[in-house]
Structures are given as C-alpha cells and as structure tokens.
Amino acid sequence: MSKILNLTEHTTDDDLMHLTTLLLYHLVEQSGGQVQFKLEDAHRVRESLTTKMVQMQVGEEVRIRIIDRLPELS
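A few points on the structure. The structure presented is a predicted model; accordingly, all values stated were derived computationally and were not measured. (Residues numbered from 1 in each chain as written. Predicted model: local features only at pLDDT ≥ 70, side-chain atom pairs only at ≥ 80, totals over all residues. Heavy atoms only, no water.)

**Overview of the overall build of the protein**
- Scanning the protein for helices and strands turns up two helices and three strands.
- Along the protein, from the amino end to the carboxyl end, the secondary structure elements read β-α-α-β-β.
- Evaluated residue by residue, the protein yields a buried proportion of 15% over its 74 residues.
- Restricting the contact set of the protein to residue pairs at least 6 apart, pairs at least 24 apart contribute 51%. (Helix = DSSP H or I, 4+ residues; strand = E, 2+ residues; numbered from the N terminus. Buried < 20%, exposed > 50% of the residue type's maximum accessible area, 1.4 Å probe, protein only. Contact = heavy atoms within 4.5 Å.)

See the structure below:
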C-alpha cells in the first residue's frame, strides 16, 4: 500500500511519485546542492513512518503534509 494519500482527483498516483522525485531535487537544490545523512538515520525515520503517511494535494501549488496514518489504511 502506498504511503502517499492522493487528495487530488485529476492527479494519478504515478504523477505523485514523479512529483515526489521532483520535490527531492528541489529540496536538495534549496539546501545548497547537497544533503547528507547516515543510513542509520534513514532507517530510524522509516520506522517512525510506519504510523505516518504523506498527504499530497496538487493544484496551482503542491501541498505536502506528514499525517498520522488513517486507521482504514493501516
């Protein structure tokens, strides 16, 4: 099951995955072109996300939030 909740009727899940990749590039660029972290940190974040999910709403701008996973999607 996807960890991205699509709140936009006209945007497919594939479109959201593409936007997620673009967001990553954008954030790295905004951070001076480099982001560094340890794999240990990434694993810790991934574990904490088992109870969370990403909510994306696409319109004139893309809105992204991390929310508690909805019970019906657990």
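**Here we look at the pairing of strand 3 (residues 62–68)**
- Bridge analysis of strand 2 (residues 52–58) against strand 3 gives seven bridges, and the strand direction is antiparallel. Bridge pairing in strand 3 places valine 54 opposite isoleucine 66.
- Hairpin geometry of strand 2 and strand 3 is characterised by an intervening segment of three residues between the two adjacent antiparallel strands. (Pairing = 2+ DSSP bridges.)

**Examining the pattern of salt bridges**
- Scanning the model with the defined rule gives four salt bridges in all.
- Its salt-bridge partner being aspartate 68, residue lysine 52 comes within 2.6 Å of it at the nearest N-O pair. Within this pair, whereas lysine 52 is found in strand 2, its partner aspartate 68 is found in strand 3, the two being separated by 16 residues in sequence.
- When the shortest N-O distance is used, the salt bridge between glutamate 61 and arginine 63 registers 3.2 Å. (Salt bridge = Lys/Arg side-chain N within 4 Å of Asp/Glu carboxyl O.)

**Comments concerning the environment of threonine 11**
- Along the chain, threonine 11 turns up in the loop between strand 1 (4–6) and helix 1 (13–30).
- Given the relative accessible area of 7%, threonine 11 is considered buried.
- In this structure the C-alpha to C-alpha distance between threonine 11 and glycine 59, which are 48 residues apart in sequence, comes to 9.3 Å.

**Things to note about helix 1**
- With 18 residues, helix 1 extends 25 Å between its outermost C-alpha atoms, agreeing within 8% with the 26 Å of an ideal straight helix rising 1.5 Å per residue.
- With its phi angle positive at about 90 degrees, glycine 32 sits one or two positions after the end of helix 1. (Expected span 1.5 Å × (residues − 1).)

Read these as layout, nothing more, since geometry by itself doesn't imply function.
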